[in-house]
Amino acid sequence: MKDSFISSDKAPEPVGPYPHARRAGNLLFLSGVGPRKKGVKEIPGVTFDENRNVVRYDIEKQCHAVFQNVKFILETAGSSWENLIDITIYLTNMRTDFQVFNEIYAEYFPDKATQPCRTTVEVNALPTPIAIELKCIATIG
């Protein structure tokens, strides 16, 4: 079984020494994907104070941005949104963001027959000041 490392020219640069994704057979494993945009440091929907502390964030903007980044990586690897089979969602504030995330998630996965498996967990922090990160598995072919 041949595997390969995938790097998308449209997705934001990883914040550590890892690829955007790795193919193993007909499976594609995405590294954690956040809402940042390629080539810029700003995070969609985040407002900082003068000390770079997060003052507020817009979970809706971050959800749409992270879904777009996942799509970029899937397409680069020869897969697609419809091929997602498992998603782990990391939220930094389950109490305020879970319902909003679910509403947006339902827009992206309207057909229950093709929805991927899903786990959502709250984490204390993520590597950058983002409120959401996705870890995905998809098929290729």
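So, here's what we can say about the structure. Worth saying up front: this structure is predicted, and the values here are computed from it rather than measured. (Residues numbered from 1 in each chain as written. Predicted model: local features only at pLDDT ≥ 70, side-chain atom pairs only at ≥ 80, totals over all residues. Heavy atoms only, no water.)

## Description of the pattern of salt bridges
Taken as a whole and judged by the stated rule, the model has one salt bridge. A salt bridge links Lys38 to Glu13, with the nearest nitrogen and oxygen atoms 3.4 Å apart. In this pair, Lys38 is assigned in the loop between β3 (27-30) and β4 (46-48) and Glu13 in the loop between β1 (3-6) and β2 (21-24), connecting sequence segments 25 residues apart. (Salt bridge = Lys/Arg side-chain N within 4 Å of Asp/Glu carboxyl O. Helix = DSSP H or I, 4+ residues; strand = E, 2+ residues; numbered from the N terminus.)

## Looking at the nonpolar core
Counting 30 residues, the largest nonpolar core has Leu28, Leu30, Phe67, Val70, Leu84, Ile132 and Leu134 as the members making the most contacts within it. Breaking this core down by element, the ones donating at least two residues are β3, α1 (59-76), β6 (84-91), α2 (94-108) and β8 (132-139). No other element matches α1, which puts seven residues into this core. With residues near it in sequence (within four places) discarded, Leu84 still touches Val70, Leu74, Phe109, Pro116, Cys136, Ile137 and Ala138. (Core = buried A, V, L, I, M, F, W, Y, C linked by side-chain atoms within 4.5 Å. Buried < 20%, exposed > 50% of the residue type's maximum accessible area, 1.4 Å probe, protein only. Contact = heavy atoms within 4.5 Å.)

## Quick word on the side chain of Ser8
Tracing the chain through its elements places Ser8 in the loop between β1 and β2. A relative accessible area of 3% means that Ser8 is categorised as buried. For Ser8, the side chain forms a polar contact with the main-chain nitrogen of Ala11, separated by 3.3 Å. Beyond its immediate stretch of four places on either side in the chain, Ser8 contacts His20, Phe72, Ile73 and Thr76. (Polar contact = N/O pair within 3.5 Å; in protein donor to acceptor, adjacent residues only side chain to side chain.)

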